[in-house]
Amino acid sequence: MTFKELNIIEPILKALKTKEYSIPTPIQYESIPILLQGKDILGSAQTGTGKTAAFAIPILQNIHLEKQHQSSKRTIKTLVLAPTRELAIQIHDNFLEYGRFLDIRTTVIYGGVSQVKQVSNLKRGVDILVATPGRLLDLIQQGKLTLSNVSYLVLDEADRMLDMGFVRDVKKIVAMVKTERQTMFFSATLPNTIMSLANEMLTDPVRVMVTPEEEMVDKIRQSIYFVEKKKKIKLLVELLQSKDLKSVLVFSRTKHGANKIVQQLDEFGIGARAIHGNKSQSARQKALALFKTRKIRVLVATDIAARGIDVDELSHVVNFDLPEVPETYIHRIGRTGRAGLGGYAISFCSQDQADLLKDIQKHIQMNIPVIKDSVFSIELKNIPNNSNSKNAKRKNKPNNKSKQKHTYSHKKSKSKSGKPKNLSNKDSNNNSYKSKA
Ligand code: AMP
């Protein structure tokens, strides 16, 4: 599934291209068609899933199309409410990026800073306003803006909004926007208090859920081989002799590496295709189609290219190279075990990757069981006492701190050290299944 297939208009596609978003994330391909049809949505998803684009893209598109039919003056047509200034700024930045080739103006207002610049931005006329509740009400009371033309309303991180005591403010604000409107309500959790607020705000909403990745990870059977770097391909070939490996997503660190794996598998008579940034859209789609229809068993991908791959019954994920960012390990292995299906994740670790393994194990709070009985198995130095127990369990679930880092961290968000940078108050999870109410 591509953004084009979601019927996104050209100027937005162009903007997405500059962001190097090649494939929609699960929440995006679930939500965008619903929102383009003008339906309300109740999304249970956290930041880090690509949620912002899931609502920003259809809003931009809908406003753009409306503007072509009516030459109305600029009024606030969209209000996005966010609990914190950081989130508000982030959402605003996203609107600017996705809408950069459109004649749509977005601005952001939040408390704790002078209102002067914010008010002058409002005076110039805006189509989309991103706001925290306190400053918004303040400026409304001062007569600096009105919400009477708002026909797209987004409530982001509703549970945090309530935790922070904004419920009365939110209700006041909702009462000021048009009753004839499209409402998008997002919350990481949906306890009763949130559901009753959602019921007040939404009309016949479609429900979209994204399952926390950690819950899935518990269902995945993980194992690791310690192996010489140059023997990895032979090990992969050996594993692929087993018919149990029905559909295998192999992760390579680099595009070049992915091509090489495909080429070497081919030499062993194993049909595989690579998916990465240097492949054309049609080559990627073709590879994916072959994989989905089980004409090939193996797809080799880099992390970025693999993000939007949605294959329901992926039996195995193979980490040919360990990821450099520990959170990516969870994203990768979470690709199997979709829709509640428990899959297998097999990793290869050579001596040069021992430190990466340490970081991953620390992050997932368990030792990945080591398979020691392969002819390719070797001993590695500087690895904590790994057990080969098949039942190695996580000591605990990742704590909130680690959870906050599991995001669709975009290329830009990684520093040279490979650690994600601007992950402010993000929460986790990528993998999804949907349930529509
Ligand atoms: P969000 O959940 O909206 O905060 O998004 C989390 C991160 O994922 C941000 O850094 C986005 O730039 C990135 N992102 C969103 N959609 C995509 C996509 N389709 N492909 C790659 N990265 C994405």
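Everything numeric here is computed off the predicted structure, so don't read it as measured data.

With respect to the overall build of the protein
No. 1: Assigned secondary structure in the protein consists of 17 helices and 13 strands.
No. 2: Out of the 437 residues belonging to the protein, those deemed buried represent 57%.
No. 3: Residue pairs at least 24 apart in sequence account for 75% of intrachain contacts in the protein once pairs closer than 6 positions are excluded.

Topic: the sheet that holds strand β2 (residues 78-81)
No. 1: The strand order across the open sheet formed by seven strands is β3-β4-β2-β5-β6-β1-β7, and the pairing between neighbours is parallel. Only two strands of the sheet have a single neighbouring strand rather than two, namely β3 (106-109) and β7 (206-209). The sheet shows a mean angle of 15° between the axes of neighbouring strands, direction not considered.
No. 2: Here strand β1 (residues 41-44) pairs with β7 via four bridges, running parallel. Within the sheet, the bridge partner assigned to S44 lies in β7 and is M209.

Focus on the pairing of strand β5 (residues 152-155)
No. 1: Judged by which residues are buried, β5 turns out to be covered on both faces: Y152 and V154 on one side and L153 and L155 on the other are all buried.
No. 2: In the sheet, β2 pairs with β5 via four bridges, with the strands oriented parallel. Residue L81 lies in a different strand from β5, and its bridge partner there is L155.
No. 3: The sheet contact formed by β5 and strand β6 (residues 182-187) spans four bridges and is parallel. Bridging from a neighbouring strand, V154 pairs with M184 of β6.

Some points on the packing of helix α2 (residues 26-36) against helix α3 (residues 51-69)
No. 1: The geometry of α2 relative to α3 is characterised by a closest axis approach of 9 Å and an angle of 25° between their N-to-C directions. By the angle between their directions, the pair α2 and α3 is classed as roughly parallel. Two packed elements cross with a definite hand, and for α2 against α3 that hand is right-handed. Facing α2, whose interface residues are I27, Q28, S31, I32, L35 and L36, α3 presents K51, A53, A54, F55, I57, P58, Q61 and N62.
No. 2: Classifying every residue of the contact of α2 with α3 by side-chain character gives nine nonpolar, four polar and one charged.

Remarks on the nonpolar core
Considering soluble globular proteins, one finds that nonpolar side chains tend to be buried as a cluster.
No. 1: If you look at the biggest cluster of nonpolar residues, it comprises 42 residues, and the most contacted ones within it are F55, I57, F95 and M184.
No. 2: No other element matches the eight residues that α3 contributes to this core.
No. 3: Core analysis: the second largest hydrophobic core is formed by 33 residues, L81, L122, I140 and I173 among them.

Reading the values: rules and limits
- Residues numbered from 1 in each chain as written.
- Predicted model: local features only at pLDDT ≥ 70, side-chain atom pairs only at ≥ 80, totals over all residues.
- Heavy atoms only, no water.
- Helix = DSSP H or I, 4+ residues; strand = E, 2+ residues; numbered from the N terminus.
- Buried < 20%, exposed > 50% of the residue type's maximum accessible area, 1.4 Å probe, protein only.
- Contact = heavy atoms within 4.5 Å.
- Pairing = 2+ DSSP bridges.
- Axes fitted to C-alpha atoms, helices over the stretch in contact; angles between N-to-C directions.
- Parallel < 35°, antiparallel > 145°, perpendicular 65-115°, else oblique.
- Left-handed = near helix turned anticlockwise from the far one by under 90°.
- Nonpolar A, V, L, I, M, F, W, Y, C, P; charged D, E, K, R; others polar.
- Core = buried A, V, L, I, M, F, W, Y, C linked by side-chain atoms within 4.5 Å.

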